[in-house]
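Structural overview
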Amino acid sequence: MVNGEKSGVLEAIRRSGLQKLLALGALLIMCTFFSIFGQNFFSHSAFMNILDASYYIGFMAIGQTFVIITGGIDLSVGTVMMSGALIGGVAYNVWHWPIAFCLVVIVIVATIFGLINGLLIAKLHLPPFIVTLGTQFISLGFGSIVAEVQTQQYPTVNQADGWFKTAFYRTQGGFPMGAVFLLLFFIAAYILLTRTKLGRYTYAIGSNEEAARISGINIDKWKVIVYVLSGFSAGLAGILYAATYTTIVPQTGNGLELYAIAAVVIGGTSLAGGVGSLVGSLIGVFIMTVLKDGLMSMNMQSQWQIFFTGVVVILAVLLDIYRSKKAAQVKN
Amino acid sequence: MGERNANTLTNESQKVLEMLGIDKRFQGVHALKECTFELRKGEVHALVGENGAGKSTLMKILTGIYQPDKGEIVYNGKKVHFRTAKEAQVAGISIVHQELNLMNHLTAAQNIFVGREAKGFMTDDRVINERTRKLFDSLNLNIKPTDKISFLTIGKAQMVEIAKAISFEANILVLDEPTAALTISETEELFNMMNELRAKGVSIIYISHRLEEIEVMADRVTVMRDGQYVGTLVMKDATLDQIIKMMVGRTIYEEPKTKSHVKPDAPVVLETKNLSSPLVKDVSFLLRQGEILGFAGLIGAGRTEVARLVIGADRRFRGDIFVSGRQVNIKCPKDAVSHGIGYLSEDRKRYGLALGLSVTDNAMLASLDDYASSGFINQRKCEQETYKYIKSIDIKTPSSRQIIRNLSGGNQQKVVIAKWLIKNCDILIFDEPTRGIDIGAKSEIYKLMNDLVNRGRSIIMISSELPELLRMSDRIIVMCEGAKTKELDISEADSEIIMKYATLNDVGGKKHG
Ligand SMILES: Nc1ncnc2c1ncn2[C@@H]1O[C@H](COP(=O)(O)OP(=O)(O)OP(=O)(O)O)[C@@H](O)[C@H]1O
Ligand SMILES: [Mg+2]
């Protein structure tokens, strides 16, 4: 039957994950474009720049992917990351704790914010948008309060505790350790999302929360865990941010969450919940960092980078809608 | 329908379940009043009653989804109290809910084993796929374990849900209107499964508005009315009339139509020529004023798709539409409404209702323009208008401000009908208008439809229930696999000839493999 064949083809496309392929294709096209038209885009230093910028957004985007698949959103990751990094800096500069402890402080602070988000959302049934908007401001203020509005400085490579930069950012020889950590965390998260109950319930909650509840799943518990994971990722992002940029300025970080969310959306994760992939999110992260560096190589400054990031987000969503329409046709 | 397994129940048959004095109130609604229910081992026990009688609520209390205000549940001789769905599952009671409760983005296997996919933290889809395949094989289901639910038809999805309930190997299986979305062969498959389970000693509670199914399957039947227990009958000693009388407190007599009520020269109000889309093949038909045009066919025959093309909900590849003789260009449902065509979706939850809004808001949704001045809605007039219809088609709701979600299925459907009546549409397309509606309400909806055509409106009625098509239609179009296979005047139509044309290509397809 004609009908059968047709749906067979579309089915095959659907199964192969068209969106991911398209996103990957877009990334490759962008790289080619900038290599041809940009100055020095295809160089070692440009490549390193792209990697540098992808670390902290990457960590945030990984946590954010889980949250968005459940149908929620975490607007607090950017400021939570900064607040963690700021307080870790205070622990280092003011309280004179060993650097290793300070790094743990970053993660703990961020994870606690994640826990607060999760508890408010799951136990009190408040909307994620509102809760995380609230904790965005709270974490923004909290970091500054603890730091007494002082800029915090992490040790540089040549200083006593400089090992932390070589461990998390680049080795003496310039090897990108940050990329290694991002990759390791990505793999762990990937296994978590595709091979464990946490992952399964993340999709289940986003797909049909009521059905999941009726199936006997403890929705509240898993939601809390997902937001804790997002906070934890923001904490790791904080370590990488401190290692990469050394200086942490109070009352910054708001707006960074939008990059994480944009990366996730570009990667094909639906804000309506139930669908999404980490591979897509990672590609989304690189699409944005490549765009940034590529435009720079064409002498277009940050206002243009911001402008085009917006364009890419909208294109990605359009593509996603087109894809789900096609999918719906297959169904009928 | 399958042969009835003679299952002679004696009084000594073991009681597995007793629900005593169950009372439940929601805000403003006394849903269950001291309700009683009793179930024996290895019986199929039908639970019937009008929309809103409290059947689903009683079952939700049994399965731990709602907590009763009063009353007790005795299960296997012990008093039990389930606080969550999981506790009931673990105790051996599983349920297929009236509304689908599946996760659309997950596969069939992932849905079936959700919550018990693995002992530890890690999951392995190969294991559950294999178990699901075995389960499907044993149930004769032609569904791949790796198929995502969103790519299955409603009927298939329903079968997944049923398979899930069966996979718990429960002692008590509750089926709340499982056949509403099933095709005839799927229904038969379900009945075979039920017979097997019954033979194994599983007790089944079966809720359905289709009394002919109950006649075939049930050993006993319990009737509920207005949240109260009315009585229990042994099926083989009972007549349908008796049951209906207990349900609605009166008998309902339905005479089939034998000849068309439409004058042959009545003006044509709607005509389509060669409507085509990927799922519809060159469908042409016309609808006369005051006519009820029935669309028969199996589920998936493309009847809904035709309706969606007519109202512009899907894009047509080809084909013209004429309203009252003038060609019209309908590109979206709004155009259709402005030409006086209203569509009542078969899937009211998805397309027909805003579940979180009140009865009034839903009923007035299509007509707000007529009840607003310079953008402000005249809420009082809206409520009055809605109230008129609550009375005239007897919508059971504590007030016009009740949120739709809290109404029973049948009453939700009536609100959708009210919406298009208020909009004053001349052409109404009813897609499975009585799915999930009890006979009392059904006969009211039939009366309503007859009233409407007598007043000069015209109706297209898509239905999978042949008796209702034969009773209501003046003319019947039979469809199969997207094509119109036959057009019959009511005087020449009977179920045999309709089924023949509804399965026409089916047979041909099988021949070719
Ligand atoms: N969550 C709820 N909140 C408020 N009222 C409710 C709720 N659930 C059910 N009701 C009300 O309780 C009554 C019984 O509803 P129930 O769904 O049990 O009926 P039913 O017998 O299953 O009807 P149907 O045949 O239409 O499915 C109805 O009047 C309904 O409006
Ligand atoms: Mg019900």
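Since the model is a prediction, treat every value here as computed from it, not as a measurement. The residue numbering used here restarts from 1 in each chain and proceeds along that chain's sequence as written. Here chains are named by letter from A upward and ligands by number from 1 upward, in the order in which they appear as written. Residue-level local features of this predicted model are given only where pLDDT is at least 70; pairs of side-chain atoms are given and counted only at 80 or more, and the full residue set underlies all totals for whole chains, interfaces and linings. As a convention, hydrogens and water are excluded, and side-chain values are obtained from all of the structure's heavy atoms.

1. Some remarks on the overall build of chain A
For clarity, the cut-off: In this text, helices come from DSSP runs of H or I with a minimum length of four residues, and strands from runs of E with a minimum of two, each type numbered from the N-terminal end. Whether a residue is buried, partly exposed or exposed follows from its accessible area with a 1.4 Å probe, protein chains only, as a fraction of its type maximum: under 20%, in between, or over 50%, in that order. Note on areas: Shrake-Rupley with a 1.4 Å probe; residue coverage comes only from the protein chains shown. Here the positive residues are Lys and Arg and the negative ones are Asp and Glu; neither His nor the chain ends is included. Note on charges: their place is set at NZ of Lys, CZ of Arg, CG of Asp or CD of Glu.
When its secondary structure is counted, chain A shows 14 helices and two strands. If you line up chain A on its principal axes, its C-alpha atoms span 75 × 55 × 30 Å. For chain A, the residues scored as buried account for 53% of the 332 residues in total. Split by element, the accessible area of chain A, about 14,500 Å² in all, is 70% carbon and sulfur. When the 18 positive and 12 negative side-chain charges of chain A are each reduced to one mean point, those points stand 10 Å apart.

2. A word on the overall build of chain B
Short version of the rule: For the radius of gyration, the atoms used are the C-alpha atoms, and the globule rule reads 2.2 Å times the number of residues raised to 0.38. Any pair of residues with heavy atoms lying within 4.5 Å of one another is described as a contacting pair.
Of regular secondary structure, chain B possesses 18 helices and 22 strands. The C-alpha radius of gyration of chain B comes to 24 Å, within 12% of the 24 Å expected for a compact globule of 513 residues. Oriented by its inertia axes, the alpha-carbon framework of chain B measures out at about 70 × 60 × 50 Å. Scored against the burial criterion, the 513 residues of chain B give a buried share of 56%. Contacts in chain B between residues far apart in sequence, at least 24 positions, make up 66% of those at least 6 positions apart. When the accessible surface of chain B is split by element, carbon and sulfur atoms take 49% of a total near 22,600 Å². When the 71 positive and 67 negative side-chain charges of chain B are each reduced to one mean point, those points stand 4 Å apart.

3. Brief notes about helix 13 (residues 379–392) of chain B
Residues spaced three or four apart along an α-helix point in a common direction, a consequence of the helix completing one turn every 3.6 residues. Residue and element names in this part refer to chain B. To keep things clear, this is the line we draw: Expected helix span is computed as 1.5 Å times (number of residues minus one). The directions from the helix axis to the C-beta atoms are what the arc is built from.
Between its terminal C-alpha atoms helix 13 stretches 20 Å, which fits the 20 Å expected from 14 residues at 1.5 Å a residue. Of the residues making up helix 13, those classed as buried are Cys382, Glu383, Glu385, Thr386, Tyr389 and Ile390. For helix 13, the arc enclosing every buried residue in end-on projection is 165 degrees, short of the 170-degree limit, so these residues lie on one face. Opposite the buried face of helix 13, at more than 90 degrees from it, the exposed residues are Arg380, Lys391 and Ser392.

4. What to know about the pattern of salt bridges
Residues and elements named next belong to chain B. Rules: Salt bridge, as applied in this entry: a Lys or Arg side-chain nitrogen positioned within 4 Å of an Asp or Glu carboxyl oxygen.
Overall, the coordinates contain 28 salt bridges over all chains when judged by the stated rule. In this structure, Arg83 engages Glu87 in a salt bridge whose closest nitrogen and oxygen atoms are separated by 3.1 Å. Measuring nitrogen to oxygen at the nearest pair gives 3.3 Å for the salt bridge that ties Lys442 to Glu465. Placement of Lys442 in helix 15 (residues 439–454) and of Glu465 in the loop between strand 20 (458–462) and helix 16 (466–472) is noted, with a sequence separation of 23 residues between them. Residue Glu465 is classed as buried on the basis of its relative accessible area of 13%.

5. Some thoughts on the site of ligand 1
Residues and elements named next belong to chain B. Convention followed: Summary of the distance rule: residues count as near a molecule or strand when at least one heavy atom falls within 4 Å of that molecule or strand. Side-chain atoms alone can form a polar contact between residues adjacent in sequence; in general such a contact is a pair of N or O atoms within 3.5 Å, and within protein one must be able to donate a hydrogen while the other accepts it.
The local shell around ligand 1 holds 20 residues, among which Asn51, Ser56, Thr57, Gln98 and Asn406 are the closest. In the model, an oxygen atom of ligand 1 is placed 2.5 Å from a nitrogen or oxygen of the Thr57 side chain. In this structure, Gln98 approaches ligand 1 through a side-chain N or O atom, which is 2.8 Å from an oxygen atom. Secondary structure elements with two or more residues in the shell around ligand 1: strand 2 (29–40), helix 1 (55–62) and helix 14 (409–423).

6. Focus on the domain arrangement of chain B
Spelled out, the test is: The domain limits used here are those given by an automatic or database domain assignment.
For chain B, the assigned domains read domain 1 (1–92 + 170–250), domain 2 (97–167) and domain 3 (268–340 + 426–502). A separation of 34 Å is found between the C-alpha centroids of domain 2 of chain B and domain 3 of chain B.

7. Brief notes about the coordination of the magnesium ion (ligand 2)
Residue and element names in this part refer to chain B. Cut-off, in case you're wondering: We call an atom a donor if it is N, O or S and sits within 2.8 Å of the metal, or 3.2 Å for Na, K and Ca. Water is not counted, so some sites may look partial.
Here the magnesium ion (ligand 2) is held by the protein donor atoms Ser56 (OG) and Gln98 (OE1), which lie 1.9 to 2.1 Å from it. Placement of Ser56 in helix 1 and of Gln98 in the loop between strand 6 (93–96) and helix 3 (108–112) is noted, with a sequence separation of 42 residues between them. Judged by its relative accessible area of 26%, Gln98 is partly exposed.

8. Observations regarding the interface of chain A and chain B
Put simply, the rule is: Buried area adds together the accessible area that both of two parts lose upon being put together, with accessible area traced by a 1.4 Å probe. Residue polarity follows a fixed list, in which Ala, Val, Leu, Ile, Met, Phe, Trp, Tyr, Cys and Pro are nonpolar, Asp, Glu, Lys and Arg are charged, and the others, Gly among them, are polar.
At the junction of the two partners, chain A supplies 33 residues and chain B supplies 35 residues. Around 2,700 Å² of area is buried between chain A and chain B when both sides are counted, 54% of it from carbon and sulfur atoms. Our count for the contact surface shared by chain A and chain B stands at one salt bridge. With a shortest N-O distance of 2.7 Å, Asp125(B) and Arg200(A) are connected by a salt bridge. For the pair chain A and chain B, the interface holds 12 residue pairs in polar contact (both at pLDDT 80 or more). Looking at the side of chain A that touches chain B, the elements with two or more residues in it are helix 1 (2–15), helix 8 (177–195), helix 9 (197–207), helix 10 (209–214) and helix 14 (302–331) of chain A. When residues of the side of chain A that touches chain B are assigned to their parent elements, the largest contribution, seven residues, is made by helix 9 of chain A. Class assignment for the residues of the side of chain A that touches chain B results in 15 nonpolar, 10 polar and eight charged.

9. Digging into the sheet that holds strand 2 of chain B
All names here are of chain B. Rules: Two strands pair under a simple rule: DSSP has to find at least two bridges between them. Here an angle of 0 to 180 degrees is reported between the N-to-C directions of two axes, which are lines fitted to C-alpha atoms, with helices fitted over the stretch in contact.
Ordered by their spatial adjacency, four strands build an open sheet running 2-1-4-5, and the pairing between neighbours is antiparallel. With partners counted over all chains shown, the strands left at the sheet margins are strand 2 and strand 5 (78–80), one partner each. This sheet shows a mean twist of 25 degrees between the axes of neighbouring strands, independent of strand direction. Bridging between strand 4 (residues 70–75) and strand 5 involves three bridges; their strand directions are antiparallel.

10. Remarks on unusual backbone geometry
All names here are of chain B. Look at Asn140: it is not a glycine, yet its phi comes out positive at around 65 degrees. By secondary structure assignment, the location of Asn140 is in the loop between helix 4 (125–138) and helix 5 (154–167). For Glu481, which is not a glycine, the phi torsion comes out positive at approximately 45 degrees. Take Glu481: it is sitting in the loop between strand 21 (475–480) and strand 22 (483–489).

11. Re the packing of helix 3 (residues 44–69) of chain A against helix 13 (residues 278–297) of chain A
Residue and element names in this part refer to chain A. Quick reminder of the rule: Put simply, a crossing is left-handed when the front helix is turned counterclockwise from the back one by less than a right angle, and right-handed when it is turned clockwise.
Where helix 3 contacts helix 13, the axes come no closer than 8 Å and their chain directions differ by 145 degrees. When the axes of helix 3 and helix 13 are compared, the crossing they make is right-handed. Side by side, helix 3 and helix 13 meet where Ala46, Asn49, Ile50, Leu51, Ala53, Ser54, Ile57, Gly58, Ala61, Ile62, Thr65 and Phe66 of the first sit next to Leu278, Ser281, Val285, Phe286, Met288, Thr289, Val290, Lys292 and Asp293 of the second. Taken together, the residues of the contact of helix 3 with helix 13 break down into 13 nonpolar, six polar and two charged.

12. Considering the sheet that holds strand 7 (residues 172–176) of chain B
Residues and elements named next belong to chain B. Across the sheet, which stays open at both edges, the six strands sit in the order 6-7-8-3-9-10 with mixed pairing between neighbours. For this open sheet the edge positions go to strand 6 and strand 10 (228–234), each flanked by a neighbour on one side alone. Here the average twist between neighbouring strands, direction ignored, is 20 degrees. Here strand 7 runs beside strand 8 (residues 203–207); their pairing, made up of five bridges, is parallel. Across the sheet, Asp176 pairs through a bridge with Ile207, a residue of strand 8. Taken strand by strand, helix 8 (residues 240–248) contacts strand 3 (44–48), strand 9 (220–225) and strand 10, and its axis lies near 25 degrees from that of strand 9.

13. Some words on helix 9 (residues 303–310) of chain B
The buried fraction of helix 9 of chain B amounts to eight of the eight residues, a majority that puts the element mostly inside the structure. Arg303(B), Thr304(B), Glu305(B), Val306(B), Ala307(B), Arg308(B), Leu309(B) and Val310(B) are the residues of helix 9 of chain B that are buried.

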